[in-house]
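# A closer look at the structure
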Amino acid sequence: MFGESYSLFRILGFEIRANVTWLFLALLITWSLAAGFFPFVYPDLAPTTYWSMALVGMLGLFFSLLFHELSHSVVARAYGLPVGGITLFLFGGVAEMTAEPKEPKVEFWMAIAGPIASVVLGVAFYGVAVTMEGLGVPDHIAGVARYLGFINFLLAAFNMVPGFPLDGGRVLRAALWHWKGDVVWATLWASRMGQGFGLLLVALGVVSFLGGNFIGGMWWILIGLFVRAAAAAGYKQLLTQQALKGKTVRRFMTTDPVTVPPETTVEQFVEEYLYRHDYDVFPVVRDGRLLGCASLRQAKAVPREEWRQTRVSDVCQDCGDVNTVDVDEDAGEALNRMQQNENGRLMVTEGPRLVGMLVLKDFLRYLQIRGELEKA
Ligand SMILES: [Zn+2]
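On a predicted model such as this, the values are computed, not experimentally measured, just so you know. (Residues numbered from 1 in each chain as written. Predicted model: local features only at pLDDT ≥ 70, side-chain atom pairs only at ≥ 80, totals over all residues. Heavy atoms only, no water.)

### Things to note about the coordination of the zinc ion
- Within the protein, the zinc ion binds to His68 (NE2), His72 (NE2), Asp167 (OD) and Asp167 (OD); these donor distances fall in the range 2.0 to 2.6 Å.
- One can describe the donor arrangement at the zinc ion as irregular, given that its four donor atoms subtend angles of 54 to 149° at the metal.
- Each donor residue of the zinc ion belongs to the same chain, with the gaps between them written as H-x3-H-x94-D. Residue His68 is located in helix H2 (residues 47-78), and its partner Asp167 is located in helix H5 (residues 167-180); the two are separated by 99 residues in the primary sequence. A single burial state applies to His68 and to Asp167, both of which are buried. (Donors = N, O, S within 2.8 Å, 3.2 Å for Na, K, Ca; no water. Tetrahedral: all angles 85-135°; square planar, octahedral: opposite > 155°, others 65-115°. Helix = DSSP H or I, 4+ residues; strand = E, 2+ residues; numbered from the N terminus. Buried < 20%, exposed > 50% of the residue type's maximum accessible area, 1.4 Å probe, protein only.)

Structure representation (structure tokens):
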């Protein structure tokens, strides 16, 4: 969603990634600590001292975000939910869950684990600060630990705001879900609270901006917009999952896909398939059996003067898991996979045979019609 992410290391079996936008946050934090916060609280120190303190502060924040997300991930895994990894990005961290909890109790413990971890870490940092001061360590060094203690309490407090997708919003959703037994209704209200909170942040950001705090104001406006969008998306995603529940790929596929016979030459493939249709990847089929996939990329790899002699069967490749789906697979699963391969199509197979094609457009049309009917 925010461009490229880089894998940093693995911890407790989770892959830790940093998005390119995290670099921006790291620089902003370091700069505002070195040039603003620390000089204000501890005046008359050398600039190099401020920058060292800021660097430690930034690394401490990195550790704090990681600790928070790790606690979500560990609890999720303990309940058997798959966790993709942890990514740090512009607005903090996110533990990537590829499945939603099936009952409110699991949701509650998964969500509350993060703020609890942050409070524990906050107390630990304060403990370190107080111990340092007791041992006669200079004020400004203990001050970094004190700052990190404060940051962890702030993280816990912000995340406990009862609006989805924040942790507090998930706790609220779990409570409403437990109370009424209706996950859609619970998500709707948690999402509305989240959207409201997002708007509130935007409003506070605007006031702050107009008051002359340009960077701080912009920052709150950005976070507010992000929370608002994520809150709305969370609800939509749940509706989609509910609508597709219990349905398989068979229900949505088209059964007469455009296929390429293996003896087609590359020249014919380009003229009669690539130019005429809207897609980049085509199934190569003989007697109903899927032999492989032919694509624009493979055609381009053949020198133009060889297009007449080369057959598609010579250049086509295995379609791979990202482009194929079994006819009896769960439709929601297929939709997830389709959003990953980015061409909006999947070849539907039954054993070695190609039985159809799954197109994103058809899914969206189904969901849209269903949505219209439910509104009525
Ligand atoms: Zn959290």
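There is more to say after this.
### Re the packing of H5 against helix H6 (residues 183-210)
- Their axes nearest at 8 Å, the elements H5 and H6 cross at an angle of 150°. Considered as vectors, H5 and H6 are oriented roughly antiparallel to each other. The hand of the H5/H6 crossing is right-handed. The residues of H6 that touch H5, namely those facing Gly169, Leu172, Arg173, Leu176, Trp177, Trp179 and Lys180, are Val183, Trp185, Ala186, Thr187, Trp189, Ala190 and Met193.
- Grouping the constituent residues of the contact of H5 with H6 by class yields 10 nonpolar, two polar and two charged. (Axes fitted to C-alpha atoms, helices over the stretch in contact; angles between N-to-C directions. Parallel < 35°, antiparallel > 145°, perpendicular 65-115°, else oblique. Left-handed = near helix turned anticlockwise from the far one by under 90°. Contact = heavy atoms within 4.5 Å. Nonpolar A, V, L, I, M, F, W, Y, C, P; charged D, E, K, R; others polar.)

### Thoughts on a nonpolar patch on the surface
- Side chains of Tyr79, Trp109, Ile116 and Val120 sit close together on the surface and give an oily, nonpolar patch of about 380 Å² of accessible area.
- The residue Val120 is located in helix H3 (residues 104-134) in this model. (Patch = residues over 30% accessible without salt bridge, like charges linked within 9 Å, V, L, I, M, F, W, Y side chains within 5 Å. Areas by Shrake-Rupley, 256 points an atom, 1.4 Å probe, with all protein chains shown as cover. Salt bridge = Lys/Arg side-chain N within 4 Å of Asp/Glu carboxyl O.)

### A short note on the pairing of strand E8 (residues 345-350)
- Burial of E8 is extensive: five of the six residues sit out of reach of the surface.
- Taken together, the three bridges between strand E7 (residues 324-326) and E8 define a ladder with parallel strand orientation. Within the sheet, the bridge partner assigned to Val325 lies in E8 and is Val348.
- Across six bridges, E8 lies against strand E9 (residues 353-359) in antiparallel orientation. Across the sheet, Arg345 pairs through a bridge with Val359, a residue of E9.
- Counting the residues between successive antiparallel strands, the hairpin from E8 to E9 contains two residues, one of them, Gly351, with a positive phi of roughly 65°. (Pairing = 2+ DSSP bridges.)

### Digging into the packing of aromatic side chains
- In the structure shown here, the tally under the stated rule is 14 aromatic pairs.
- On the numbers, 5.8 Å between centres and 55° between planes, the contact of Phe158 with Phe197 is tilted. Of this pair, Phe158 sits in helix H4 (residues 139-159) while Phe197 sits in helix H6, and the two are 39 residues apart along the sequence.
- For Phe158, a relative accessible area of 26% translates into the label partly exposed.
- Relative to Phe282, the ring of Tyr273 lies with its centre 5.8 Å away and its plane at 75°, an arrangement referred to as edge-to-face.
- Within the aromatic cluster, the residues linked to one another by ring pairs are Phe37, Phe38 and Tyr147.
- Sitting above the plane of the Trp185 ring, Lys180 keeps its charged end 4.8 Å from the centroid.
- Positioned over the ring face of Trp189 is Arg192, at 4.8 Å from the centre of the ring. (Phe/Tyr/Trp six-rings, centres within 6.5 Å; stacked < 30°, edge-to-face > 60°. Lys NZ or Arg CZ within 6 Å of the ring centre and 35° of its normal.)

### Some thoughts on the domain arrangement of the protein chain
- What the domain assignment lists for the protein chain is domain 1 (5-244) and domain 2 (249-375).
- Using C-alpha coordinates to define each centre, domain 1 is positioned 41 Å away from domain 2. (Domains from an automatic or database assignment.)

### Topic: the pattern of salt bridges
- Using the criterion set out here, one finds seven salt bridges in the structure.
- With its nearest N and O atoms 2.8 Å apart, the salt bridge here joins Arg170 to Glu107. Of this pair, Arg170 sits in helix H5 while Glu107 sits in helix H3, placing them 63 residues apart in sequence. Assigned by exposure class, Arg170 and Glu107 land together as buried.
- Of the charged contacts, one joins Arg173 and Glu107 as a salt bridge, the two residues approaching to 2.5 Å between their closest N and O atoms. Of this pair, Arg173 sits in helix H5 while Glu107 sits in helix H3; the two residues are 66 residues apart in sequence, bridging distant segments of the chain.

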